[in-house]
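Here are the chains, one letter per residue:
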Amino acid sequence: SQQGEEDPQALSIQEGENATMNCSYKTSINNLQWYRQNSGRGLVHLILIRSNEREKHSGRLRVTLDTSKKSSSLLITASRAADTASYFCATDGSGGYNKLIFGAGTRLAVHP
Amino acid sequence: DVKVTQSSRYLVKRTGEKVFLECVQDMDHENMFWYRQDPGLGLRLIYFSYDVKMKEKGDIPEGYSVSREKKERFSLILESASTNQTSMYLCASRGLRTEAFFGQGTRLTVV
């Protein structure tokens, strides 16, 4: 079962614009994480936000978390062509085992 | 530099073969995972292990088994490969409630 559902599935923007991706999930979480995947490669961790946090920043990345709506968003500001990749959210459930459940991802294309 | 290493980037196997995918991590993590990635479906969890010799099924364990005899190594086994197991396989490891580190992926084609 996929916990995280990303929206939109695909996003196409121009360099310099901001990109916003959303993630919804179903059950309670300990934390939520965002990852990036360049074509055909492994995933790279971007940012982790804990369930008691509402917003977190890392460079040009801003993540928000709304546990009452079971949703999160990833904002990439001033995007660059090098940001072209797929982005995934992953939820770390509050109970039981230490596993991450991923969504289907958002494909971001940034055009020069 | 932390590392998760998968034994092969590309594999081509025949239907019915027993296939071994190996993953090694150097971070002394307790938790290791095998995911399968298919277009439009994201990453789906096959199996994970939270300690040596301990394993739990993920969402799609059918047709797969795993082995974890040493902390640093987690193997995924396709008992009898089928064409519907053609996919990208990703191994990951993590500590307690931390971020996951991924290998570079193995693209398996079953013909």
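For the structure, see preceding data.
Report on the accompanying structure. Every chain's residues receive numbers from 1 upward, in the order its sequence appears when written. Following the order in which they are written, the chains are lettered starting with A and the ligands numbered starting with 1. Totals for whole chains, interfaces and linings use every residue, but because this is a predicted model, local features are given only for residues with pLDDT of at least 70 and side-chain atom pairs only at 80 or more, for both listing and counting. Values reported for side chains reflect all heavy atoms of the structure, with hydrogen atoms and water molecules removed beforehand.

**Focus on the sheet that holds strand E1 (residues 4–6) of chain B**
By definition, the strands of a sheet pair up through backbone hydrogen bonds, in either a parallel or an antiparallel sense.
Residue and element names in this part refer to chain B.
And step 1. In space, the four strands of this open sheet follow the order E1-E3-E8-E7, with antiparallel pairing throughout. Of all the strands in the sheet, the pair left with one neighbour each is E1 and strand E7 (64–70). Between one strand axis and the next, the sheet turns by 20 degrees as a mean value, whatever way the strands run.
And step 2. The pairing of E1 with strand E3 (residues 19–25) spans three bridges and is classified as antiparallel. Its bridge partner being in E3, Gln6 is matched across the sheet by Cys23. By definition, two strands form a pair when at least two bridges between them are found by DSSP. Only DSSP runs of H or I with at least four residues qualify as helices, and only runs of E with at least two residues qualify as strands; both kinds are numbered from the N terminus onward. Inter-axis angles, ranging from 0 to 180 degrees, are taken between N-to-C directions of lines fitted to C-alpha atoms, where helices are fitted over the stretch in contact.

**Here we look at the environment of Asn22(A)**
Residue and element names in this part refer to chain A.
And step 1. For Asn22, the position within the fold is in strand E3 (residues 19–24).
And step 2. Linking Asn22 and Asp7, residues 15 residues apart in sequence, is a C-alpha distance of 5.0 Å.
And step 3. The criterion used for residue contact is that any of the two residues' heavy atoms lie within 4.5 Å. Once you skip the residues sitting within four places of it in the chain, Asn22 turns out to touch Glu5, Glu6, Asp7, Trp34, Ser72 and Ser73.

**Quick word on the state of the cysteines**
Residues and elements named next belong to chain A.
And step 1. Pairs of cysteine sulfur atoms within 2.5 Å are identified as disulfides in what follows. By the definition in use, this model includes two disulfides over all chains.
And step 2. Paired through a disulfide, Cys23 and Cys89 show a sulfur-sulfur distance of 2.0 Å. Across the S-S bond of Cys23 and Cys89 the torsion is about 65 degrees, and the bridge reads as right-handed. Here Cys23 is found in strand E3, whereas its partner Cys89 is found in strand E9 (residues 85–93), with 66 residues between them in sequence.

**Structural notes on the interface of chain A and chain B**
And step 1. The interface of chain A with chain B comprises 28 residues on the first partner and 27 residues on the second.
And step 2. Both faces combined, the contact of chain A with chain B buries some 2,100 Å², and carbon together with sulfur accounts for 48% of it.
And step 3. Criterion for a salt bridge: a side-chain nitrogen of Lys or Arg within 4 Å of a carboxyl oxygen of Asp or Glu. Summed over the shared surface of chain A and chain B, the number is two salt bridges.
And step 4. Asp92(A) is the partner of Arg97(B) in a salt bridge, and the nearest nitrogen-oxygen pair spans 2.4 Å.
And step 5. We define a polar contact as two N or O atoms separated by no more than 3.5 Å, with the added condition that, inside protein, one atom must be a possible hydrogen donor and the other a possible acceptor, whereas residues neighbouring each other in sequence contribute only through side-chain atom pairs. Remark: the boundary between chain A and chain B carries six residue pairs in polar contact (both at pLDDT 80 or more).
And step 6. Secondary structure elements with two or more residues in the side of chain A that touches chain B: strand E4 (29–37), strand E5 (43–50), E9 and strand E10 (100–102) of chain A.
And step 7. Per-element tally for the side of chain A that touches chain B: the top contributor is E4(A), with five residues.
And step 8. Three classes are used: nonpolar for Ala, Val, Leu, Ile, Met, Phe, Trp, Tyr, Cys and Pro, charged for Asp, Glu, Lys and Arg, and polar for all others, with Gly counted as polar. Of the residues assigned to the side of chain A that touches chain B, the class counts are nine nonpolar, 15 polar and four charged. Here the quantity called buried area is the accessible surface, traced with a 1.4 Å probe, that two parts lose on coming together, added over both.

Taken by themselves, the reported measurements are silent on function.
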